[in-house]
Amino acid sequence: MSGQDRDPVAVAEAALETVAAVAPDVRDGLPGRRRYLEGENPSGEEVLAADVYADDLLEEALSDVDGVGTYASEERESAVDAGGGGVSVAVDPLDGSSNLKSNNPMGTVVAAYDGDLPASGRDLVGAGFVLYGPVTTMVAGVGAPGDATIREYLVTDDGEREPLDRVDLPDDPTVYGFGGRVPDWPDDFAAYVDEVEEELKLRYGGAMIADVSQVLSYGGVFAYPALESAPDGKLRLQFEGNPVAYLVEGAGGRSSDGDRSLLDVPATGIHQRVPVHVGNAELIERLESALS
Ligand code: FDP
């Protein structure tokens, strides 16, 4: 059986295991790579030496996974052909890397799509993230969206995954975190925030994956919304919006671009941006009403 014929869910599982295996090397490489390099990534952001280092490690390891046909990353303009066909992996090698300067948490995000990129979130066959916090953990699931059980793992120093608990959003939400400058928020979003801050407490750390992890742990809502200056927001659908939607929806929550599940947003480009809102279903329903 050629790699291209391998069960896409098995390929996604192997890709997630590979990301966990590389995570200790990514983490170990951070201390000496906190400086910015010249130039920008395809989204026009500054690039740290650590971004490039993590991207190179992940490209090499994931391209070797039997059944992975394409590797795409936030740090590269175009996808890399890893044999063609099969599963496409889309990776944010260091999500929240501007936190490296202040030594706050960051993550690695991976999305495995059964098909060519750009792909719909409905084509996901697995997704996960590594969180480089006080402890290195992974939150991940495989299968079609809605079928996946989302689980947290401890990532050992050897890059092995030790299963911890199943991840289910707590029913009683407590935290919120919203990106973007307050004067840049559209009025309807700002009105929603006024309501939410009466009920929940602010937790915003500036790395999507760390902020989403707080929502998964405590319940609540995370958003990087549409801004007056950037109607599509900041985050990218293929690398951030879709995998986070897959995980939060799999944990019993909801995702939205303001109107519909992020998984239903048509894919138009590898680096396309999208407003991201994820969290407890009731909070996302209220958000959609506020923005309609
Ligand atoms: P970063 O630019 O540090 O990589 O992916 C982009 C991202 O971080 C997200 O992880 C994070 O949620 C957001 O940008 C933070 O943006 P702000 O600095 O505007 O808060």
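Look above for the structure.
Counting from 1, residues in each chain are numbered in the order their sequence is written. In view of the model being predicted, local features appear only for residues whose pLDDT reaches at least 70, and side-chain atom pairs are presented and counted only at 80 or more, with totals across whole chains, interfaces and linings using the full set of residues. To get the side-chain values, take all heavy atoms of the structure and skip hydrogens and water.

**Section: the sheet that holds strand 6 (residues 106-113)**
Two pairing modes exist for strands in a sheet, parallel and antiparallel, and in both the strands are linked by backbone hydrogen bonds. For two strands to count as paired, DSSP must find a minimum of two bridges between them. Counting from the N terminus, the helices are DSSP H or I runs at least four residues long and the strands are E runs at least two residues long. The strand order 4-3-5-6-7-8-9-10 describes an open sheet built from eight strands, whose pairing is mixed. The sheet terminates laterally at strand 4 (80-81) and strand 10 (161-166), the two strands that pair on one side only. Direction of pairing for strand 3 (residues 68-73) relative to strand 5 (residues 87-95): parallel, over a ladder of five bridges. Considered in strand 5, the bridge of Ser-73 is made with Val-91. Sheet strands in contact with helix 5 (residues 208-218) are strand 5, strand 6, strand 7 (124-132) and strand 8 (136-142), and its direction is about 100° off that of strand 7. Any pair of residues with heavy atoms lying within 4.5 Å of one another is described as a contacting pair. Fitted lines through C-alpha atoms serve as axes, helices being fitted only where they are in contact, and the angles separating the N-to-C directions of these axes extend from 0 to 180 degrees.

**Looking at the site of the ligand**
Note on terminology: near, applied to a residue and a molecule or strand, indicates that one of the residue's heavy atoms is within 4 Å of it. Neighbouring residues of the ligand: 13 residues in total, closest Ser-98, Tyr-204, Met-208, Tyr-224 and Glu-240. Between N or O atoms, a polar contact is any pair within 3.5 Å; within protein, one atom must be a potential hydrogen donor and the other a potential acceptor, and residues adjacent in sequence are included only when both atoms are from side chains. One of the backbone N or O atoms of Gly-96 is found 3.2 Å from an oxygen atom in the ligand. In this structure, an oxygen atom belonging to the ligand sits 3.3 Å away from a main-chain N or O atom of Ser-97. Working definition of accessibility: Shrake-Rupley area with a 1.4 Å probe, residue cover restricted to the visible protein chains. The fraction of the free accessible surface of the ligand (460 Å²) that becomes covered by protein chains is 81%. Under the convention adopted here, Pro, Cys and the residues Ala, Val, Leu, Ile, Met, Phe, Trp and Tyr are nonpolar, Asp, Glu, Lys and Arg are charged, and Gly plus all remaining residues are polar. Of the residues assigned to the shell around the ligand, the class counts are five nonpolar, four polar and four charged. A domain assignment, automatic or from a database, supplies the domain bounds used here. If you count residues domain by domain, the shell around the ligand takes at least three from each of domain 1 (3-166) and domain 2 (175-291).

**As for the nonpolar core**
Put simply, buried Ala, Val, Leu, Ile, Met, Phe, Trp, Tyr and Cys residues joined by side-chain atoms within 4.5 Å make one nonpolar core. Type-normalised accessible area, obtained with a 1.4 Å probe on protein chains alone, sets the label of each residue: buried when under 20%, exposed when over 50%, and partly exposed for intermediate values. Phe-178, Leu-216, Val-221 and Phe-222 are the most contacted members of the largest nonpolar core, which has 56 residues in total. When we break this core down by domain, the ones giving at least three residues each are domain 1 (3-166) and domain 2 (175-291). In terms of nonpolar packing, the next biggest core, distinct from the first, is built from 35 residues, Ala-20, Val-26, Val-125 and Val-142 among them.

**Brief notes about the environment of Ser-63**
The residue Ser-63 is located in helix 2 (residues 49-63) in this model. Sequence separation between Ser-63 and Gly-83 is 20 residues; the distance between their C-alpha atoms is 8.1 Å. Polar side-chain contacts of Ser-63 include one of 2.7 Å to the backbone oxygen of Glu-59.

**Here we look at a negative patch on the surface**
Patches here: salt-bridge-free residues with over 30% relative accessible area, like charges joined within 9 Å, nonpolar side chains (Val, Leu, Ile, Met, Phe, Trp, Tyr) joined within 5 Å. The term salt bridge refers to a pairing of a side-chain nitrogen on Lys or Arg with a carboxyl oxygen on Asp or Glu at a separation within 4 Å. Residues counted as positive are Lys and Arg, residues counted as negative are Asp and Glu, and His and the chain ends are not counted. Taken as the charge location is NZ of Lys, CZ of Arg, CG of Asp or CD of Glu. On the surface, a cluster of negative charge is contributed by Glu-17, Asp-25, Asp-28, Asp-157, Asp-158, Glu-160 and Glu-162. Here the negative patch takes three residues from helix 1 (residues 8-28), the largest share from any one element. For Asp-28, the position within the fold is in helix 1.

**Let's talk about the pairing of strand 8**
Each regular strand displays side chains that alternate between the two surfaces of the sheet. With seven of seven residues buried, strand 8 lies mostly within the body of the structure. The two faces of strand 8 match: Thr-136, Met-138, Ala-140 and Val-142 on one face and Thr-137, Val-139 and Gly-141 on the other face are all buried. In this structure, strand 7 lies alongside strand 8, joined through seven bridges in antiparallel fashion. Along strand 8, the bridge assignment pairs Leu-131 with Thr-137. Count of turn residues in the strand 7/strand 8 antiparallel hairpin: three residues. Direction of pairing for strand 8 relative to strand 9 (residues 151-155): antiparallel, over a ladder of four bridges. When the sheet's bridge partners are listed, Val-139 is paired in strand 9 with Glu-152.

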